[in-house]
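# Summary of the model geometry
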Amino acid sequence: MTYHMTFRGAVVPAEPGQSVGAALVAAGIRDWRSTRKGGRPRGLFCGIGVCFDCLITVNGVPDRRACLTPAADGLHLTDTPVTAEDPAPEAPALGGPARKAPAPEDRVLGGGEVGGGHAPSA
């Protein structure tokens, strides 16, 4: 069974189990929104719901991640309009919390000497 969705006036086929983003890319459609600054095209990037580049409007509901939205028969897809505010949440800082230096006793691994990497001989 093949689903039929519409996007920009064209029928986009999709297979059960495909995401909206995968179906669009399979149909040769690579972008469905533009950046606020510069109007650069955006579409599927990470494909796992992390980057928010693939936001699309599904049945009138804006800002749906195309990579996480399951394809279904009869979906009406439209470009996500450019807004004054960024719909994506703040990205977390990379690297996590600062790490403190290990205590001297933590520097010896497996009972061997620091830096040697070999167990003491008997």
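Summary of the structure given here. (Residues numbered from 1 in each chain as written. Predicted model: local features only at pLDDT ≥ 70, side-chain atom pairs only at ≥ 80, totals over all residues. Heavy atoms only, no water.)

With that out of the way, let us pick up the nonpolar core. In this structure, Met5, Phe7, Val20, Leu24, Trp32, Ile56 and Leu77 are the most contacted members of the largest nonpolar core, which totals 18 residues. Of all the secondary-structure elements, those providing two or more residues to this core are strand S1 (3–7), strand S2 (10–14), helix H1 (20–26) and strand S5 (55–58). Filtering out sequence-adjacent residues up to four positions away, Leu24 remains in contact with Phe7, Val12, Ile29, Trp32, Ile56 and Leu77. (Core = buried A, V, L, I, M, F, W, Y, C linked by side-chain atoms within 4.5 Å. Buried < 20%, exposed > 50% of the residue type's maximum accessible area, 1.4 Å probe, protein only. Helix = DSSP H or I, 4+ residues; strand = E, 2+ residues; numbered from the N terminus. Contact = heavy atoms within 4.5 Å.)

So, on to the pattern of salt bridges. For the structure shown, the criterion picks out 4 salt bridges. For Asp53, the salt bridge identified is with Arg33, shortest N-O distance 3.3 Å. With Asp53 in the loop between strand S4 (41–42) and S5 and Arg33 in strand S3 (residues 33–34), this pair connects stretches of sequence that are 20 residues apart. With respect to class, Asp53 is no different from Arg33; both count as buried. Note that Asp53 is salt-bridged to Arg42, the shortest N-O span being 3.7 Å. In this pair, Asp53 is assigned in the loop between S4 and S5 and Arg42 in strand S4, connecting sequence segments 11 residues apart. A relative accessible area of 17% means that Asp53 is categorised as buried. Members of the salt-bridge network, linked through shared partners, are Arg8, Asp31 and Asp79. (Salt bridge = Lys/Arg side-chain N within 4 Å of Asp/Glu carboxyl O.)

Another aspect to go through is unusual backbone geometry. Across the chain, the bulk of peptide bonds are trans and the bulk of non-glycine residues have phi less than zero. Even without a glycine there, the phi angle at Arg8 is positive, about 50 degrees. Structurally, Arg8 is set in the loop between S1 and S2. Residues other than glycine seldom take positive phi values, yet Asp63 does so here, at roughly 60 degrees. On the secondary structure map, Asp63 appears in strand S6 (residues 61–65). Taking the relative accessible area as the measure of exposure, Asp63 reaches 35% and is therefore partly exposed.

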